[in-house]
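Coordinate analysis (summary)
Residues per chain, in single letters:
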Amino acid sequence: MRHRPTRSALYIPGSKPRALDKARDLPCDVILFDLEDAVSPDAKVAARDTLRAALEQGGYGARMTLVRINGFDTEWGQDDARAAAGMPCDGVLIPKVDSPADLDAVADVVGDVPLWAMMETPLGVLNAQTICAHPRLAGIVMGTNDLAKDLAAQTRDGMRTALQHCLLAARAAGITAIDGVFNAFKDDEGLQAECTDGRAMGFDGKSLIHPAQLDIANRVFGPSEADIDLARRQIAAFDAAAAAGQGVAVVDGRIVENLHIVTARATLAKAEAITALETT
C-alpha cells in the first residue's frame, strides 16, 4: 500500500468551489479535502454539498482523495461522516484521534470507507500503537500545529519524540505516515529543511497548506535519479553475487545484503508509481 505515492498531501477547503476546481490540475499525490479547520462554522453544512458535487464531477485523476471531517465531539461530525460515506473518495480523515474507540465510532457510520487518523493530541500520541493497529486504519497524518499547542512546544525538535513515536507505530502496523504542515509557505529554505528532516525520519510525505509547497515536497520525498540508479545497481550486483553462490555483494565500497535489496526494490516500485500517477 505504501507504494502508492503520498509525497505531497495538500489541504483544500471543501467550501470553496474555485479551490476545488483548481486542485484538479495541481501536481499533488494526495488531496485532503477539508471540512474541519479550513471551513468556518457558518459554512460547514453547505460545504458538504459543495464537496460532494466536486467529487462527483471528478477530474482528480489517480490522486488519493481524503475527506477530513469534523470531530464527533462537534455538532457537525456525525453528519460529515454520513455525507463522506456517500462521496467517491479514498478515505475519511478523522481529526484529534485519541484512541481506537474514536475510529470505531466513525467506522460505524461510514461503512467500508478506509479510515485515516490525525495524530495531533498528547493522548493520541501515547495511544499511537493501538490506534495504528486498528484494522480499518490505512494511514496517519501528523497534526503538528495542534500538537505543538498542546505540548507548548516552540520548535519541531520539541515534538520529535511524538513524531517518531507515531512513525514507529505506523511502521509496526504497515500503514502510511504523513508528516505535519510547514506554516511559512513562502519560506522555501525552511520547507526544504523540514521535508528533508521528515524524510530522514522515515515519513512517506508531507502535508501542505499551499500549492507553492508542492514542488519541494515532491522532490524531497520522491526517489532521485541517483537513488534509482543505486537501487538498480544494487539489485544487479546482488543477483550476480547470488548466481555465484555468494550471500552479499559490494556496491560503491559498501556491503549489499538482502535487506538492502528489499529497500532497493521498494525505491523502484515507488518511482514507477510516481511515473504512473504523473502520466495519468
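Above: the structure in question.
Cut-off values and rules
Residues numbered from 1 in each chain as written. Predicted model: local features only at pLDDT ≥ 70, side-chain atom pairs only at ≥ 80, totals over all residues. Heavy atoms only, no water. Helix = DSSP H or I, 4+ residues; strand = E, 2+ residues; numbered from the N terminus. Rg over C-alpha atoms; globule rule 2.2 N^0.38 Å. Buried < 20%, exposed > 50% of the residue type's maximum accessible area, 1.4 Å probe, protein only. Contact = heavy atoms within 4.5 Å. Areas by Shrake-Rupley, 256 points an atom, 1.4 Å probe, with all protein chains shown as cover. Lys, Arg positive; Asp, Glu negative; His and termini not counted. Charge placed at Lys NZ, Arg CZ, Asp CG, Glu CD. Arc of directions from axis to C-beta. Patch = residues over 30% accessible without salt bridge, like charges linked within 9 Å, V, L, I, M, F, W, Y side chains within 5 Å. Salt bridge = Lys/Arg side-chain N within 4 Å of Asp/Glu carboxyl O. Phe/Tyr/Trp six-rings, centres within 6.5 Å; stacked < 30°, edge-to-face > 60°. Core = buried A, V, L, I, M, F, W, Y, C linked by side-chain atoms within 4.5 Å. Polar contact = N/O pair within 3.5 Å; in protein donor to acceptor, adjacent residues only side chain to side chain. Pairing = 2+ DSSP bridges. Axes fitted to C-alpha atoms, helices over the stretch in contact; angles between N-to-C directions. Parallel < 35°, antiparallel > 145°, perpendicular 65-115°, else oblique. Left-handed = near helix turned anticlockwise from the far one by under 90°.

**Some points on the overall build of the protein chain**
- Counting its regular elements, the protein chain contains 12 helices and 10 strands.
- Expected size for 280 residues packed as a compact globule is a radius of gyration near 19 Å; at 20 Å, the protein chain falls within 12% of this value.
- Taken along the three principal axes of its C-alpha coordinates, the protein chain extends 70 × 40 × 40 Å.
- Here the protein chain holds 280 residues, and 50% of them are scored as buried.
- Taking the contacts inside the protein chain whose residues are at least 6 apart along the sequence as the reference set, 66% of them involve residues at least 24 apart.
- When the accessible area of the protein chain is evaluated, it comes to approximately 13,000 Å², of which 52% is carbon and sulfur surface.
- Of the charged side chains in the protein chain, 28 are positive and 39 negative; the average position of the first set lies 3 Å away from that of the second.

**A word on unusual backbone geometry**
- Positive phi, normally seen in glycine, also occurs at Lys-96, with a value near 50°.
- Structurally, the position occupied by Lys-96 is in the loop between strand E4 (91–94) and helix H4 (100–110).

**So, helix H3 (residues 77–85)**
- Turning to H3, its buried residues are Gly-77, Asp-80, Ala-81, Ala-83 and Ala-84. Along the axis of H3, the buried residues cluster in a sector spanning 165°; they form a single face.
- Residues of H3 that are buried make contact with helix H2 (44–57), strand E3 (64–68), E4 and H4.

**Quick word on a nonpolar patch on the surface**
- Residues Val-248, Val-250 and Ile-255 make up a contiguous nonpolar surface patch of roughly 250 Å² in combined accessible area.
- Note that Val-250 resides in strand E9 (residues 249–251).
- Residue class for Val-250 comes out exposed when judged on its relative accessible area of 55%.

**Here's the deal with the packing of aromatic side chains**
- According to the stated counting rule, one finds 1 aromatic pair in the structure shown.
- On the basis of an interplanar angle of 75° and a centroid distance of 5.2 Å, the ring pair of Phe-33 and Tyr-60 is categorised as edge-to-face. In this pair, Phe-33 is assigned in strand E2 (residues 30–34) and Tyr-60 in the loop between H2 and E3, connecting sequence segments 27 residues apart.
- Taking the relative accessible area as the measure of exposure, Phe-33 reaches 0% and is therefore buried.
- Since its relative accessible area comes to 4%, Tyr-60 is described here as buried.

**Side note on the nonpolar core**
- Counting residues in each nonpolar core, the largest one holds 63 residues, and the members touching the most others are Phe-33, Val-67 and Ile-140.
- Tallying contributions element by element places helix H8 (residues 160–173) first for this core, with 6 residues.
- Apart from residues lying up to four places away in sequence, Val-67 is in contact with Phe-33, Leu-35, Leu-51, Leu-55, Ala-84, Met-87, Cys-89, Gly-91, Val-92 and Leu-93.

**What to know about the side chain of Arg-156**
- Checked against the element boundaries, Arg-156 lands in the loop between helix H7 (144–151) and H8.
- In terms of polar contacts, Arg-156 uses its side chain to reach the side chain of Asp-179, at 2.6 Å.
- Excluding anything up to four places from it in sequence, Arg-156 contacts Leu-163, Asp-179, Glu-194, Asp-197, Gly-198, Met-201 and Lys-206.

**What about the sheet that holds E2?**
- In space, the 8 strands of this closed barrel follow the order E1-E2-E3-E4-E5-E6-E7-E8, with parallel pairing throughout. When strand polarity is set aside, the average angle formed by the axes of neighbouring strands in this sheet is 25°.
- Where strand E7 (residues 176–179) lies against strand E8 (residues 205–208), 2 bridges are found, and the strand directions are parallel. The partner of Ile-178 across the bridge, within E8, is Gly-205.

**Considerations on the side chain of Gln-213**
- As for its placement among the helices and strands, Gln-213 is situated in the loop between E8 and helix H10 (214–221).
- Taking relative accessible area as the criterion, Gln-213 reaches 0% and is therefore assigned buried.
- Not counting the four nearest positions on each side in its chain, Gln-213 is found in contact with Phe-182, Ala-184, Phe-185, Leu-191 and Leu-208.

**With respect to the packing of helix H9 (residues 188–201) against H10**
- Where H9 meets H10, the closest approach of the two axes is 9 Å, and the angle between their N-to-C directions is 30°. By the criterion of interaxial angle, the relationship of H9 to H10 is roughly parallel. For the crossing formed where H9 meets H10, the hand is right-handed. Of the residues in H10, those touching H9 at Asp-188, Leu-191, Gln-192, Cys-195, Thr-196, Gly-198 and Arg-199 are Ile-216, Ala-217, Arg-219, Val-220 and Phe-221.

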